[in-house]
Amino acid sequence: SAFCKDVKPESIGELAAINALYRPGPMDSGAHNDYVKIKFGKKEPEYDFGTEEISQDTYSLLIYQEQVMNVCVQLGGFTPTVADDIRKAMGKKIPEKLKSYQEKFVAGAVERGCPEHEAYKIWNKLVAFAGYGFNKSHAVAYAMIGYQSQWLKTHYPLEFFTVSLQWAKDDEIAKRISEINKLIS
């Protein structure tokens, strides 16, 4: 994709970030474009209070569910178990649960030196993010499979497409044959 070309990934971690960012939610918010701009120095990273260590690898952007949980633990003062409950409530958009967690998060963040208005801003960002957040382990697994598949397709195309056609569903065969024709023409 054009996004992958823009990122110019240099590691499995960056391929995983591409998987997490190339989805409707992050794209709607422009996070995928921010990732590229920050990576190449066209924009400065904007770390929220207490999140630099958590979001350093993703250029200040929170793109994984695990990052949301870490912010809840490190800034909000929740246990990892409660942070996982918060992640689930955010993903399922359970407003009554989120409201009770919000007050505790803000109180915990203020206790750790975060200004109250910024604690609310961070919480709102977490809630908005959770609607499209991706699990990092899935993103990494997809990145690994994608990388390995592309490597095999490039270095062993005959074997790759032989297996690919053997496992393809009937409605996928025409697309695969079209891809083969592009490679050999």
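Predicted model only: the values in this text are computed from it and were never measured.

Caption draft 1: Just the overall build of the protein chain, in detail. Tallying secondary structure elements over the protein chain gives twelve helices and zero strands in all. Scaling as 2.2 N^0.38, a compact globule of 185 residues should have a C-alpha radius of gyration of about 16 Å, whereas the protein chain reaches 20 Å, well beyond that. Judged by the C-alpha coordinates and their principal axes, the protein chain covers about 65 × 35 × 25 Å. Looking at the protein chain as a whole, 36% of its 185 residues qualify as buried. The long-range share in the protein chain, meaning contacts at least 24 apart out of those at least 6 apart in sequence, stands at 52%. When the accessible surface of the protein chain is summed, it comes to about 11200 Å², and 55% of that surface belongs to carbon and sulfur atoms. Treating the 23 positive side-chain charges of the protein chain as one cloud and the 24 negative ones as another, the clouds have centres 4 Å apart.

Caption draft 2: A look at empty space enclosed by the protein. Using the criterion set out here, one finds one cavity of 30 Å³ or more in the structure. In terms of lining, the largest cavity is formed by Ala-20, Leu-21, Pro-26, Ala-31, Leu-62, Ile-63, Phe-129, Tyr-132, Gly-133 and Phe-134.

Caption draft 3: Region of the structure containing the pattern of salt bridges. One pass over the full model with this rule turns up ten salt bridges. The shortest N-O distance in the salt bridge between Asp-48 and Lys-125 comes to 2.6 Å. With Asp-48 in the loop between helix H4 (31-39) and helix H5 (52-55) and Lys-125 in helix H9 (residues 116-130), the pair connects residues that are 77 residues apart, well separated along the chain. Across the pair Arg-87 and Asp-84 runs a salt bridge, and its minimum N-O distance is 2.8 Å. Residue Arg-87 and its partner Asp-84 are located together in helix H7 (residues 80-92), separated by three residues, close to a single helical turn. Overall, Arg-87 belongs to the partly exposed group, its relative accessible area being 23%. Salt bridges here are not isolated pairs; linked through shared partners, they connect Glu-10, Glu-14 and Lys-39.

Caption draft 4: Layout of helix H6 (residues 65-74). Here H6 has its buried residues at Gln-65, Gln-67, Val-68, Met-69, Val-71 and Cys-72. The inward-facing, buried residues of H6 abut H5, H7, helix H8 (95-111) and H9.

Caption draft 5: Structural detail: the nonpolar core. Counting 24 residues, the largest nonpolar core has Val-71, Met-90, Phe-105, Trp-123 and Leu-126 as its most contacted members. Residue contributions to this core peak at six residues, all from H9. The contact partners of Phe-105, leaving out residues within four places of it in the chain, are Val-71, Cys-72, Leu-75, Gly-76, Phe-78, Ala-119, Ile-122, Trp-123 and Leu-126. Counting 17 residues, the second-largest nonpolar core is a separate cluster that includes Val-7, Ala-31, Val-36 and Ile-63.

Caption draft 6: How the structure looks around the side chain of Asn-135. Relative to the helices and strands, Asn-135 is located in the loop between H9 and helix H10 (136-155). Separated by 2.4 Å, the side chains of Asn-135 and Ser-137 make a polar contact. When sequence neighbours within four positions are dropped, the list of residues in contact with Asn-135 reads Tyr-64, Gln-65 and Glu-66.

Caption draft 7: Inspection of the packing of H7 against H9 at higher detail. In contact at an axis separation of 7 Å, H7 and H9 are set at 60° when each is read in the N-to-C sense. Here H7 and H9 pass one another in a crossing that is right-handed. For the pair H7 and H9, the contacting residues are Ile-86, Met-90 and Gly-91 in the first and Trp-123, Leu-126, Val-127 and Ala-130 in the second.

Caption draft 8: Just the packing of aromatic side chains, in detail. All told, the structure shown has seven aromatic pairs when counted by the stated rule. Ring geometry for Tyr-35 against Tyr-59: centres 4.9 Å apart, planes inclined by 70°, an arrangement best described as edge-to-face. Here Tyr-59 lies in the loop between H5 and H6 and Tyr-35 lies in helix H4, a separation of 24 residues in the sequence. Sitting over the ring of Phe-40, Lys-8 keeps its end group 5.8 Å from the ring centre.

Scoring rules and cut-offs
- One numbering rule holds for all chains: residues counted from 1, following each sequence as written.
- Per-residue local features of the predicted model are confined to residues with pLDDT of at least 70, and side-chain atom pairs are confined, for both listing and counting, to 80 or more; whole-chain, interface and lining totals are unaffected and use all residues.
- Side-chain measures here rest on the full set of heavy atoms in the structure, leaving out hydrogens and waters.
- For the purposes of this entry, the term helix denotes a DSSP run of H or I that reaches at least four residues, the term strand denotes a run of E that reaches at least two, and both are numbered from the N terminus.
- It is over C-alpha atoms that the radius of gyration is taken, and the globule rule equals 2.2 Å times the number of residues to the power 0.38.
- The rule is simple: take the accessible area with a 1.4 Å probe, protein chains only, and divide by the maximum for that residue type; under 20% is buried, over 50% is exposed, in between is partly exposed.
- Residues count as neighbours in contact if any of their non-hydrogen atoms are within 4.5 Å of one another.
- Method for areas: the Shrake-Rupley scheme with a 1.4 Å probe, in which residue coverage is limited to the protein chains shown.
- In this tally, Asp and Glu contribute negative charge and Lys and Arg positive charge; neither His nor the terminal groups of the chain are included.
- Where a charge sits is defined by one atom per residue type, namely NZ (Lys), CZ (Arg), CG (Asp) or CD (Glu).
- Cavities and pockets are defined on a 1 Å grid built over the protein atoms alone: a cavity is a set of grid points where a 1.4 Å probe fits but cannot escape, while a pocket is an open set with protein on both sides within 12 Å along at least five of seven lines, and lining residues are those with an atom within 4 Å of any such point.
- Grid points are joined across faces, edges and corners, and a volume is the space filled by probe spheres set on the points.
- Criterion for a salt bridge: a side-chain nitrogen of Lys or Arg within 4 Å of a carboxyl oxygen of Asp or Glu.
- In this text, buried Ala, Val, Leu, Ile, Met, Phe, Trp, Tyr and Cys residues form a nonpolar core when linked through side-chain atoms within 4.5 Å.
- N or O atoms within 3.5 Å of each other form a polar contact, as long as, within protein, one can give a hydrogen and the other can take it, and as long as residues adjacent in sequence are counted only when both atoms are side-chain atoms.
- Geometry is summarised by axes, namely lines fitted to C-alpha atoms with helices restricted to the contacting stretch, and by angles between N-to-C directions that run from 0 to 180 degrees.
- Crossings are sorted by hand: turned counterclockwise from the far helix by less than a right angle, the near helix makes the crossing left-handed, and turned clockwise it makes it right-handed.
- Between rings of Phe, Tyr and Trp, where Trp is taken as its six-membered ring, a pair exists when centres lie within 6.5 Å; planes separated by under 30 degrees are stacked, by over 60 edge-to-face, and by other angles tilted.
- For a lysine, the NZ atom is tested; for an arginine, the CZ atom; a charge sits over a ring if that atom is within 6 Å of the ring centre and within 35 degrees of the ring normal.

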